[in-house]
Amino acid sequence: MLRNDAESYGVVTILFHWIIAVIFLGQILLGYLMVRTGNYALQFSLFQWHKSLGFLILLLSGLRLLWRMVNPRPRMPDGISRIERAAAHAAHGFLYLALFVIPLTGWAVASSSPLQIPTYAFNLVVIPPLPLAISDQAEAFWTMSHAWLAYLSAIVATAHILAALHHHFWKRDAVLLRMLGARRPAPVRPHADPLRIANKDTRS
Ligand code: HEM
Ligand code: HEM
């Protein structure tokens, strides 16, 4: 099933979610490590990887959002309180926003830096700079915004992951399973229940 339906996520939504999630978490780790390494040759290459993967996230998130707009949204499983519902919507909304705003602020860092180091996405495409002021102050502003947003989103993503694990191991509902591709089990038809059939037989 490619598309979502009222109960389950389709393959395309699931692939978008997991591919972007892995690259996003990797980007936070890569970003953290690359600005702290003392090996400058390695740092240059890590920066190029970081920028390329960031643009890939931007592209995939655009496609993901379009796909989401033309697909039904599976309803939440029963037994989820209003507060949980609101928290889930807020976290998902924030994470969607982060998928666009973080790469854009990263692009702003590269564009406003007086060093003007060109960005070659995966050594294939030259990404032009954004039309922004170029100065040390501008670079410092965008760097701080980029880093704060990235680490804030890491906190929200951690809460999101813990919530998914809570649903799976504590509440034992289908929230995580359906993002892993599980379909809602078919309801058991009364005549397929052997116990009911046996009881019926002894009564007649
Ligand atoms: C979702 C995608 C991205 C995430 C999660 C992310 C995350 C991060 C993190 C955690 C850091 C380290 C911040 C610090 O400790 O100072 C960082 C640094 C950086 N990122 Fe990103 N980033 C993303 C996309 C991008 C993109 C698309 C670009 C550029 C085109 C970019 C350019 C940079 C640069 C230049 C730095 C170094 C800033 C400095 O000089 O300290 N990032 N990023
Ligand atoms: C191990 C890591 C992760 C797990 C276990 C996980 C789990 C889940 C689950 C179970 C859902 C479905 C919730 C529902 O049906 O209401 C979901 C949705 C979502 N997740 Fe994650 N997630 C992970 C990582 C991430 C990351 C890193 C991001 C951020 C970039 C993210 C962004 C989202 C968004 C935006 C949705 C809403 C999807 C939609 O309704 O269109 N997830 N996640």
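Treat the numbers as computed from the prediction; the structure is a model and nothing was measured. (Residues numbered from 1 in each chain as written. Chains lettered and ligands numbered in written order. Predicted model: local features only at pLDDT ≥ 70, side-chain atom pairs only at ≥ 80, totals over all residues. Heavy atoms only, no water.)

Caption draft 1: Main features of the coordination of the iron atom of ligand 2. The protein atoms that coordinate the iron atom of ligand 2 are His17 (NE2) and His160 (NE2), at distances of 2.0 Å. Coordination at the iron atom of ligand 2 is octahedral, judged from the six donor atoms that bind it and the angles of 88 to 179° they form at the metal. Taken as a pair, histidine 17 in helix α1 (residues 11–34) and histidine 160 in helix α4 (residues 136–171) lie far apart in primary sequence, 143 residues in all. Of the residues examined, histidine 160 reaches a relative accessible area of 25% and is grouped as partly exposed. (Donors = N, O, S within 2.8 Å, 3.2 Å for Na, K, Ca; no water. Tetrahedral: all angles 85-135°; square planar, octahedral: opposite > 155°, others 65-115°. Helix = DSSP H or I, 4+ residues; strand = E, 2+ residues; numbered from the N terminus. Buried < 20%, exposed > 50% of the residue type's maximum accessible area, 1.4 Å probe, protein only.)

Caption draft 2: Representation of the coordination of the iron atom of ligand 1 in the model. Donor atoms from the polypeptide that coordinate the iron atom of ligand 1 comprise His50 (NE2) and His146 (NE2), at 2.0 Å from the metal. Around the iron atom of ligand 1, the six donor atoms sit at angles spanning 85 to 179°, and that spread fits a shape best called octahedral. Placement of the pair is histidine 50 in helix α2 (residues 40–69) and histidine 146 in helix α4, with a sequence separation of 96 residues. Accessibility expressed as a relative area gives 12% for histidine 50, which makes it buried.

Caption draft 3: Spotlight on the site of ligand 2. Surveying the vicinity of ligand 2 reveals 19 residues, the closest of which are Tyr9, His17, Arg68, Tyr96 and His160. Measuring from an oxygen atom of ligand 2, one finds a side-chain N or O atom of tyrosine 9 at 3.0 Å. Here an oxygen atom of ligand 2 sits 2.6 Å away from a polar atom, N or O, in the side chain of tyrosine 96. Of all the elements in the fold, those that place two or more residues in the shell around ligand 2 are α1, α2, α3 (82–112), α4 and α5 (175–179). With five residues, the single largest contributor to the shell around ligand 2 is α1. (Near = heavy atom within 4 Å. Polar contact = N/O pair within 3.5 Å; in protein donor to acceptor, adjacent residues only side chain to side chain.)

Caption draft 4: View of the pattern of salt bridges. By the definition in use, this model includes three salt bridges. With its nearest N and O atoms 3.2 Å apart, the salt bridge here joins arginine 75 to aspartate 78. Using a relative accessible area of 59% as the deciding quantity, one classes aspartate 78 as exposed. Here the residues in one salt-bridge network are Glu7, Arg75 and Asp78, joined through shared partners. (Salt bridge = Lys/Arg side-chain N within 4 Å of Asp/Glu carboxyl O.)

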